[in-house]
Amino acid sequence: MAEAALKLDSYKEHITIWKECLSLIKENVSLLTYNTWFLPLKPLHLERNILKLQVPNNYFIDWIEEHHKTLITNVIHNVLGVDGKLIYLIIEEQEDTLFDKKSEPENIVPPFSEPKPVEKNYDDFLNSKFTFENFVKGEGNQLARAASIAIGENPGQTSFNPLFIYGGVGLGKTHLIQAIGNKILDKDPNKKVIYVSSDLFTVEFVEAIQNNSVNEFSNFYKGMDALIIDDIQFLVGKEKTQDLFFNIFNTLHLSGRQIILSSDKPPKDLKGVSERLVSRFQCGLTVDIQPPDFETRLAILNNKARLLDLTLDPQAIEYIAHNITSNIRELEGTLLRLLATHSLNSKAIDFDMVKRVVKEISTNRQVNISIEYITKIVCEFFKVEENKVREKNRRKEVVLARQVAMYLAKSLTKSSLKTIGLHFGGRDHSTVIHACNTIEESMSSDYQLNESVTNIKNKIEVSVS
Ligand code: ADP
Ligand code: MG
């Protein structure tokens, strides 16, 4: 049966094939379920062993996935062979334009047609400076790079769906996944692509809950051809966001749209992310990025120096490559710092300057500090329950802890005022500004507070470095 199916290509085969599937499905579900959920699906197209079905809306996909995933998978495998695949397309019925002029003789089914491209009315958060062209290939990123390029060329069409890239800080994850997005749009500007950090995704979701607009929020993401989510590790412990993301993930994945994820650790180590989500993360390609070897570091430095129009001795470049080894952002930072120092005091870049800058960079390592972690340490210090600072509690010690935590979140993370406000029970950004000003002012007059804040800060920085 499977082999025969592979050879099918006549235009009516999709109808026959789907009929065969339906008869199998009918044997396995109640008549009500059959009539409600399966009969309305229409076969659109069969190419090799991929059957495209028209579905009325997302809800059908979600429901079938949720209740009959195994059944439908088995049926498809049974009828189309083990590589058989099903792709759902959401096409609104009433639109005449969807019925192609050179229509097939039978009137049962409209011919295959993609939904019309929608004009872009959102910010895709893609930065055009991240391209494959300026991404230096090295042993540590070879596979991740190759997979990313393949996806950029053919989003949703490779078996790398989702693509899950993991690795340490500053190794090029954001660069690569942004480059995929840029490439997809380069090839087809009509494609809907979005890049979002999982932190922003969570914040937007919390906002959507507050504004009663969760449906719009989720439909927006479900309408993408490619969804790129950076730093997925920040979803840890956020159950509601994970549930919603699971739902969005399934809709996109089932309809053959591309999902691209990055994380600081492999899926299996994402403790605090639900098992079903972790297993979804693993169903495409999981690939790591390793720190660059010496040659790659040299190549990156030469490349960046050229872009910055910075002339450096080969000896200086080698010195940097020898001493800054585990983070490409720091390699870049060293060159930027050299450039800045050089243009500030118009001194030539000598070897001493290079050494000094390398030392500064390596002792000033950037670390990722989360607002949650700051809140935890601050609350421990002031002996206040964590949830109190997120509630509308006006007790003096709670207010102080809340304000100190906001102040530290502002000074120790790159989060926006809006994000910080949302972490403290959805407070307004002006409340955060007020907190920062209050703490700063008090610290200059109140010795004890100054001491406390410094202590907390040290505690936070020591434990994450
Ligand atoms: P991550 O997201 O893994 O923390 P980024 O993608 O932000 O790292 O990379 C940090 C910086 O290093 C970025 O400016 C990026 O352009 C640069 N970078 C990383 N890898 C490479 C590479 N292979 N070639 C060129 N630049 C790179
Ligand atoms: Mg990143």
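Up top is the structure.
Residues numbered from 1 in each chain as written. Chains lettered and ligands numbered in written order. Predicted model: local features only at pLDDT ≥ 70, side-chain atom pairs only at ≥ 80, totals over all residues. Heavy atoms only, no water.

A. A look at the pairing of strand E3 (residues 85–90). When strand E2 (residues 50–55) meets E3, the two strands line up parallel, connected through 6 bridges. Looking at the pairing, Lys52 lines up with Ile87 of E3. Where the polypeptide runs from E2 across helix H4 (residues 58–80) and back to E3, its parallel neighbour, the crossover connection is right-handed. (Pairing = 2+ DSSP bridges. Helix = DSSP H or I, 4+ residues; strand = E, 2+ residues; numbered from the N terminus. Right-handed = clockwise from strand over helix to strand, strands pointing away.)

B. Structural detail: the pairing of strand E1 (residues 42–47). Sheet topology places E1 next to E2; 5 bridges connect them, and they run antiparallel. Paired with His45 across the two strands is Lys52, which belongs to E2. Here E1 folds back onto E2 in antiparallel fashion, the turn holding 2 residues, of which Arg48 has a positive phi close to 50°.

C. Here's a closer look at the packing of helix H2 (residues 13–28) against H4. Running from amino to carboxyl end, H2 crosses H4 at an angle of 135°, the nearest separation of the two axes being 10 Å. Classified by the angle their axes make, H2 and H4 are oblique. In this structure, H2 meets H4 at a crossing whose hand is right-handed. In contact with Ile17, Glu20, Cys21, Leu24, Ile25 and Asn28 of H2, H4 contributes Leu71, Ile72, Val75, Ile76, Asn78, Val79 and Leu80. Its residues assigned to classes, the contact of H2 with H4 comprises 10 nonpolar, 2 polar and 1 charged. (Axes fitted to C-alpha atoms, helices over the stretch in contact; angles between N-to-C directions. Parallel < 35°, antiparallel > 145°, perpendicular 65-115°, else oblique. Left-handed = near helix turned anticlockwise from the far one by under 90°. Contact = heavy atoms within 4.5 Å. Nonpolar A, V, L, I, M, F, W, Y, C, P; charged D, E, K, R; others polar.)

D. Examining H4 more closely. With 23 residues, H4 extends only 24 Å from end C-alpha to end C-alpha; this falls clearly short of the ideal 33 Å at 1.5 Å per step. Helix geometry: H4 is bent most strongly at His68, by close to 95°. Within two residues after H4, Gly81 carries a phi angle of roughly 95°, on the positive side. (Expected span 1.5 Å × (residues − 1). Bend = angle between axes of the 7 residues up to and from the residue.)

E. Up close: the sheet that holds E1. Ordered in space as E1-E2-E3, the 3 strands form an open sheet in which the pairing is mixed. The sheet is open, and its two borders are formed by E1 and E3, each paired with just one other strand. Pairwise comparison of adjacent strand axes, ignoring direction, gives a mean angle of 25° for this sheet. The sheet strands contacting H2 are E1 and E2, and the helix crosses E1 at an angle near 120°. Of the strands in this sheet, E1, E2 and E3 are in contact with H4, which crosses E3 at around 150°.

F. The sheet that holds strand E7 (residues 258–263), seen in detail. Reading across from one edge, E5-E6-E7-E4-E8 is the order of the 5 strands in this open sheet, with parallel pairing throughout. Each edge of the open sheet carries a strand with a single partner, namely strand E5 (193–197) and strand E8 (285–289). Here the strands of the sheet are splayed against their neighbours by 15° on average, with no regard to which way each runs. Here 4 bridges tie strand E4 (residues 163–167) to E7, and the two strands are oriented parallel to one another. For Tyr166, the partnering residue across the bridge sits in E7 and is Ser263.

G. Main features of the nonpolar core. Membership of the largest hydrophobic core comes to 29 residues, with the highest contact counts inside it found for Ile374, Val378, Val404, Leu408, Ile456 and Ile460. Secondary structure elements with two or more residues in this core: helix H15 (371–382), helix H17 (396–412), helix H19 (429–445) and helix H20 (447–464). Element by element, the count of residues in this core is highest for H17, at 9 residues. If near-sequence neighbours (up to four positions away) are discounted, Ile374 is found in contact with Ile369, Ala405, Leu408, Ala409, Leu412, Thr413 and Ile460. (Core = buried A, V, L, I, M, F, W, Y, C linked by side-chain atoms within 4.5 Å. Buried < 20%, exposed > 50% of the residue type's maximum accessible area, 1.4 Å probe, protein only.)

H. Structural view of the site of ligand 1. Taken together, 18 residues form the shell around ligand 1, and within it Val136, Gly170, Thr174, His175 and Glu332 come nearest. The backbone of Gly170 places a nitrogen or oxygen atom 2.7 Å from an oxygen atom of ligand 1. Here an oxygen atom of ligand 1 and a backbone polar atom of Leu171 are 3.2 Å apart. Relative to its free-state accessible area of 550 Å², ligand 1 is covered by the protein chains to the extent of 94%. (Near = heavy atom within 4 Å. Polar contact = N/O pair within 3.5 Å; in protein donor to acceptor, adjacent residues only side chain to side chain. Areas by Shrake-Rupley, 256 points an atom, 1.4 Å probe, with all protein chains shown as cover.)

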